Amino acid sequence: MVRGASQRASPRSGTHPLRASVNRDTVISRATRSANSEGYAAHRNSQRAFQKLQKNLPYEAIRWFGRSVALLTKDEYRDELVLALIGSSSAYEEAGLHWAARTYALAAASQELVPFRRTGSLQQVNPAPLSRLMVTELALGRVPYALAAHELAEIIRSNRTANPEQRKFASK
């Protein structure tokens, strides 16, 4: 190979608008494919972590959940992220690391409340992470905080089950 041959300028140094559009579409396609594969990999990691948790291997589960959480940082994976955080909390609690379990339960509850912060509606909020937070707070002996998490979970449950007629009656 001739030295410097790879550094020669291409005969098409100017870019045609159609060629730029094709290149942009290729880049977008690759990014989409990469994002989909990240989501798939995170889902598989979570599944593997839950399997480890069922086999009573909390430290292995923690490793797999950690890999999963690292891939689920995008907003479109929020539900899977919450699941992985709840699983991490369970794994840490099973390992006897209650404060770490609380941290992950709190992160899951925080992520679950994102739709409420955006829309002001509790209809899309799942109370399960708050129940998990209540359990971890009780394990730490923090009864007032456990009661607060329980109360918030009950508020969400009652709001989600109420139909418009029930809400109108309750507001009188």
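Structure shown above.
Residues numbered from 1 in each chain as written. Predicted model: local features only at pLDDT ≥ 70, side-chain atom pairs only at ≥ 80, totals over all residues. Heavy atoms only, no water.

Draft legend 1. Fine view of the side chain of threonine 136. Take threonine 136: it is sitting in helix α6 (residues 128-139). A distance of 2.8 Å separates a polar atom in the side chain of threonine 136 from the backbone oxygen of leucine 133. The residues touching threonine 136, leaving out its near neighbours within four places in the chain, are Ser89, Glu93, Ala101, Arg102 and Ala105. (Helix = DSSP H or I, 4+ residues; strand = E, 2+ residues; numbered from the N terminus. Polar contact = N/O pair within 3.5 Å; in protein donor to acceptor, adjacent residues only side chain to side chain. Contact = heavy atoms within 4.5 Å.)

Draft legend 2. Focus on the packing of aromatic side chains. On inspection of all chains with the given rule, the structure shows two aromatic pairs. When the centroid spacing of 5.0 Å and the interplanar angle of 85° are considered together, the rings of phenylalanine 50 and phenylalanine 65 count as edge-to-face. You can see phenylalanine 50 sitting in helix α1 (residues 17-54) and its partner phenylalanine 65 sitting in helix α2 (residues 58-71), a full 15 residues away along the chain. Overall, phenylalanine 50 belongs to the partly exposed group, its relative accessible area being 31%. Judged by its relative accessible area of 0%, phenylalanine 65 is buried. Their ring planes at 20° and their centres at 5.1 Å tell us that tyrosine 92 and tyrosine 104 sit as a pair that is stacked. One end of the pair, tyrosine 92, is in helix α3 (residues 78-94); the other, tyrosine 104, is in helix α4 (residues 98-112), and twelve residues separate them in sequence. Note that arginine 67 overlies the ring of tryptophan 64, its terminal NZ or CZ placed 4.4 Å from the centroid. One cation-aromatic arrangement involves arginine 142 over tyrosine 145; the distance from NZ or CZ to the ring centre is 4.0 Å. (Phe/Tyr/Trp six-rings, centres within 6.5 Å; stacked < 30°, edge-to-face > 60°. Buried < 20%, exposed > 50% of the residue type's maximum accessible area, 1.4 Å probe, protein only. Lys NZ or Arg CZ within 6 Å of the ring centre and 35° of its normal.)

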